Amino acid sequence: MNQASLDQAFQDLKSVLGERVTRAKMHRICYSRDWSPRHRSHTDLPDIVAVPKTTDEVVEIVRIAYRHRIPVVPFAGGTGMGGGVAAWKGGIAIETKSLDQILEVDEANMMVTAQAGITVWALNEELARYGLWFPHQPESKRVCTVGASIACDSDSTFGLRYGKILDCLSNVVMVTGTGEALRIGRRKASFSSTGYKLLDLVVASEGTLGVVTEATLRVFPLPETRLVRGYVCRKLNDGIRALERMLASGLCVESAHLNCRQRLHFYTHAYRQQYHRDPDIPDWAEAILFLSFAGDEDVVNFSLEKATRILREEFRAEKAKEQEIVDGWWASKHSLEFIPFHQKWPDSQREKKFGAADLGLPIGRVEEAYQRFLEIAGRWGQEILGMTVYNEAPNKPTASISFAVFVDDSNDESVTNFYNYVKEMSTMAVEMEGTMSSYIGDGDRLGGFNRLEHGDSYTYMQRIKELFDPGGIFNPGKKFESRWISQA
Ligand SMILES: Cc1cc2nc3c(=O)[nH]c(=O)nc-3n(C[C@H](O)[C@H](O)[C@H](O)COP(=O)(O)OP(=O)(O)OC[C@H]3O[C@@H](n4cnc5c(N)ncnc54)[C@H](O)[C@@H]3O)c2cc1C
C-alpha cells in the first residue's frame, strides 16, 4: 500500500460517500482500538474512516479497496476483546454502525431482518413494540452490533435457553473481498441440507471474509415473568451436575453462570462496599451458581422451587441469602459496566483492564481447568479476577469459560505477560480436547499459533479465506497472524 494509492482511494471514496469519509487524525484515533489490552506504543490508526449507510455503499468501498489493494477493517461498537478491529496494517476502517435500519419485522414467521450495524439493544427496543425480543444478548448489547455478534460468535446471557447466534440466524448479506454482495443462508427456514453451510463460515469470521451488512434472525415472544437467584455450592462440579439434573428433570432454565470462589469473593466484596455489612456466605462455599427462569408466572415459580429442591437436597447447596448480590450480578449483565473496575463504556483507557482467556472445554474438565488456571496465572504474575462458566447451548450444560485477570494496560511488560498467559491457557485447552476461544475469537491474539488447535485443516481455512478475499484485503493480521506471539 503506497501513499499514491491511498490518496487515490480517498478521492474515489469521497465521490461515493461525500462527507462520510475522513482522514482526520482525531477521527482515526476513535477507530484505533477495542477493549483488548494493548501496548502503549501500538497506536494502530487506520488511514481512512468510511461510514456507509447501505449495502451498495459497502460494495463501492470494497471495490475501491480491492482495486488499490488497501486493507479493509470492519469496525462496529469497538467492544471486542481480541483486537479484531485494530488496524495494525493500516487501511480503511468501515464503520458499520450507520447500517442501523430494521428492514422487516415478519411477525407471522417470527423473523426480523435488519442492517447488521444495529446494536442488539436498539433492535430489541423496536421488537418490544411487537411484544417480541431477540434473545442473543452479550453483556455489551447497548453498544455491540448484530453484525459483530455474528462476526465474533459472541456468548449470550440467555445462551442456556436460546444458544449461540447460529441458533437464531438464518440469512445474511455479506460483501466479499471483490465487492460482491452475497446472500448466504437458508432464507427464513430454520434448516437446510442443500449446498454447503456457508452461513457457518460467516459466523466467527471476524471480518476476514467480508462485511456482513444484513441479517435475518429468529425472534421470540417476550417472557411475562423472570426470576433470578443465586446458590452457593460446595464444589464447582456440584453446580454443573445440579444443572444437568435440572435439565434432565424437564426444567427450562434461561441462563446459568457458574462462578469460582474468587469471582464469588468479588461479588461479596462489592456487597460489603455498598451496604457496609458482611453477607452471610458459608465458609465452605467454593462457587456460586446464578440462574434465571423466564416464562409464565406459575411455570417460573414451579421451576424455581424445583431447582432449589434439587440443589439443596441432592447437592447440599444453599440459596444466597442476600438477593442484592444476585441483583448486582444480573445488573452487570445489562448495564455495560465492568463493576470490578468501576469502569463504564466508553472508558476503555483505564489502566487496570479486564483481560481473559476464553476457553471452550469438555464439561467434565472444569475443576481440573480451574486448578491449572490458578497455576498458569500465577506463573505469569497475573492478578486473578476469577473464572465464570457460561452455558451457551440450548438445554445442556456446556463450558464456555472466561478465565479473567486484571491487566495493567499502562505497562507493556504486564500486557506481554498477559498474552503469554493467554497462550499457555490456549495450549491447555487444546490438551484438554477443547478450543482456544469460545467467544472472543482469534482477533490479533491467537492466529500465530492456532494451528495447534486446527492442525492441517488450518491450511483449508487459509484457502477458504483466499476464495472469499482473493486480494487479502479483509482484516489482515487477524486469525492467521498474531500481533503478540508468533511462534507455534
Ligand atoms: C462490558 C463488555 C461486556 C461484554 N460482554 C460480552 C458477552 O457477554 N459475550 C461476548 O461474547 N462478548 C462480550 N463482550 C465482547 C464484545 O462485546 C463482543 O465480542 C461483541 O460482539 C463485539 O461487538 P462490537 O459491535 O463492539 O464489535 P467490534 O469490537 O467493533 O468488532 C469485533 C470484530 O467483529 C468484526 N466486525 C464487526 N462488524 C462486522 C460486520 N458487520 N461484518 C464483518 N465483521 C464485522 C470486526 O472487524 C472485529 O473483528 C463484552 C465487551 C465489553 C466491553
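Residues numbered from 1 in each chain as written. Predicted model: local features only at pLDDT ≥ 70, side-chain atom pairs only at ≥ 80, totals over all residues. Heavy atoms only, no water.

## Describing the site of the ligand
Alright, step 1. Around the ligand, 33 residues are found, and the nearest of them are P74, T79, E139, S140 and D155.
Alright, step 2. Within the backbone of D155, an N or O atom sits 2.7 Å from an oxygen atom of the ligand.
Alright, step 3. Separating a nitrogen atom of the ligand from a backbone N or O atom of G207 is a distance of 3.4 Å.
Alright, step 4. Protein contact buries 97% of the 990 Å² of open area that the ligand shows by itself.
Alright, step 5. Breaking the shell around the ligand down by element, the ones donating at least two residues are β3 (72-75), α5 (146-152) and β10 (210-218).
Alright, step 6. Take the shell around the ligand: its biggest share by element is five residues, from α5.
Alright, step 7. Looking at the shell around the ligand residue by residue, the class counts come to 16 nonpolar, 14 polar and three charged.
Alright, step 8. There are two domains that each give the shell around the ligand at least three residues, and those are domain 1 (3-95) and domain 2 (102-221). (Near = heavy atom within 4 Å. Polar contact = N/O pair within 3.5 Å; in protein donor to acceptor, adjacent residues only side chain to side chain. Areas by Shrake-Rupley, 256 points an atom, 1.4 Å probe, with all protein chains shown as cover. Helix = DSSP H or I, 4+ residues; strand = E, 2+ residues; numbered from the N terminus. Nonpolar A, V, L, I, M, F, W, Y, C, P; charged D, E, K, R; others polar. Domains from an automatic or database assignment.)

## So, a negative patch on the surface
Alright, step 1. A surface patch of like charges, here negative, comprises E224, D296, E297 and D298.
Alright, step 2. Tracing the backbone shows D298 in helix α10 (residues 297-315). (Patch = residues over 30% accessible without salt bridge, like charges linked within 9 Å, V, L, I, M, F, W, Y side chains within 5 Å. Salt bridge = Lys/Arg side-chain N within 4 Å of Asp/Glu carboxyl O. Lys, Arg positive; Asp, Glu negative; His and termini not counted. Charge placed at Lys NZ, Arg CZ, Asp CG, Glu CD.)

## Re the sheet that holds β3
Alright, step 1. Taking strand neighbours across the sheet as the criterion, the four strands line up as β1-β2-β4-β3 in an open arrangement whose pairing is mixed. One side of each edge strand has no neighbouring strand; the edge strands of this open sheet are β1 (21-22) and β3.
Alright, step 2. With four bridges connecting them, β3 and strand β4 (residues 92-95) associate as parallel partners. By the bridge assignment for β4, V72 is matched with I92.
Alright, step 3. Strands in contact with helix α3 (residues 55-68) are β2 (48-50), β3 and β4; relative to β4, the strand with the most contacts, it is inclined by about 170°. (Pairing = 2+ DSSP bridges. Contact = heavy atoms within 4.5 Å. Axes fitted to C-alpha atoms, helices over the stretch in contact; angles between N-to-C directions.)

## Here's the deal with the environment of Q273
Alright, step 1. Positionally, Q273 belongs in helix α9 (residues 261-275).
Alright, step 2. What makes Q273 partly exposed here is its relative accessible area of 45%.
Alright, step 3. Separated by 38 residues in the primary sequence, Q273 and K235 have C-alpha atoms spaced 26 Å apart. (Buried < 20%, exposed > 50% of the residue type's maximum accessible area, 1.4 Å probe, protein only.)

## Observations concerning the domain arrangement of the chain
Alright, step 1. In terms of domains, the chain is made up of domain 1 (3-95), domain 2 (102-221), domain 3 (225-335) and domain 4 (343-468).
Alright, step 2. Contacts between the two partners involve 10 residues from domain 2 and, on the opposite side, 15 residues from domain 3.
Alright, step 3. Summed over both sides, the interface of domain 2 with domain 3 buries roughly 1100 Å², with 55% coming from carbon and sulfur.
Alright, step 4. Three residues, T157, L160 and R161, lead the burial of domain 2 against domain 3; their summed loss comes to 53% of the area buried on that side. (Buried area = accessible area lost by both parts, 1.4 Å probe.)

## Considering helix α4 (residues 120-128)
Alright, step 1. All of the buried residues in α4 are V120, L123, N124 and L127. Buried residues of α4 fall within an arc of 95° about the axis and therefore sit on the same side.
Alright, step 2. Those residues of α4 hidden inside the fold are in contact with β5 (102-106), β6 (111-115), β7 (132-133), α5 and β10. (Arc of directions from axis to C-beta.)

## Side note on unusual backbone geometry
Alright, step 1. Despite not being glycine, M110 has its phi angle at roughly 55°, a positive value.
Alright, step 2. Within the fold, M110 resides in the loop between β5 and β6.
Alright, step 3. Of note in the backbone geometry, R187 takes a positive phi value of approximately 50° without being a glycine.
Alright, step 4. Note that R187 resides in the loop between β9 (181-185) and α7 (198-202).

## Notes on the sheet that holds β5
Alright, step 1. As summarised here, the arrangement of the five strands in space is β5-β6-β10-β8-β9, forming an open sheet in which the pairing is antiparallel. With partners counted over all chains shown, the strands left at the sheet margins are β5 and β9, one partner each. Each strand of the sheet is rotated relative to its neighbour by a mean of 15°, with strand direction disregarded.

## Concerning the environment of A320
Alright, step 1. Position of A320 among the secondary structure elements: in the loop between β15 (318-319) and α11 (323-332).
Alright, step 2. The class of A320 is buried, set by a relative accessible area of 2%.
Alright, step 3. The sequence separation of A320 and I288 amounts to 32 residues, and the corresponding C-alpha distance is 8.3 Å.
Alright, step 4. Setting aside residues no more than four positions away along its own chain, A320 makes contact with G230, Y231, I288 and V326.

## Brief notes about the side chain of D444
Alright, step 1. As for its placement among the helices and strands, D444 is situated in the loop between α13 (412-431) and α14 (451-454).
Alright, step 2. The class for D444 is buried, based on a relative accessible area of 0%.
Alright, step 3. Within the local environment of D444, its side chain forms a polar contact with the side chain of W484, the two groups lying 3.3 Å apart.
Alright, step 4. In contact with D444, other than residues within four places in its own chain, are R38, G82, G83, A86, W88, G477, K478, E481, S482, R483 and W484.

## Brief notes about the nonpolar core
Alright, step 1. In this structure, M246, L291, M387, F403 and Y421 are the most contacted members of the largest nonpolar core, which totals 56 residues.
Alright, step 2. The element that contributes the greatest number of residues to this core is α13, accounting for eight residues.
Alright, step 3. Looking at which domains feed residues into this core, each of domain 3 (225-335) and domain 4 (343-468) gives three or more.
Alright, step 4. Each residue touching Y421, except ones within four places of it in the same chain, is listed here: A357, F373, I376, A377, W380, Q382, F403 and V405.
Alright, step 5. In terms of nonpolar packing, the next biggest core, distinct from the first, is built from 52 residues, V112, V202, A215 and F406 among them. (Core = buried A, V, L, I, M, F, W, Y, C linked by side-chain atoms within 4.5 Å.)

## Re the pairing of β5
Alright, step 1. Across four bridges, β5 lies against β6 in antiparallel orientation. Note that in β6 the partner of E104 across the bridge is T113.
Alright, step 2. The turn joining β5 and β6, which pair antiparallel and follow one another in sequence, is formed by four residues; a positive phi near 55° is taken by M110.

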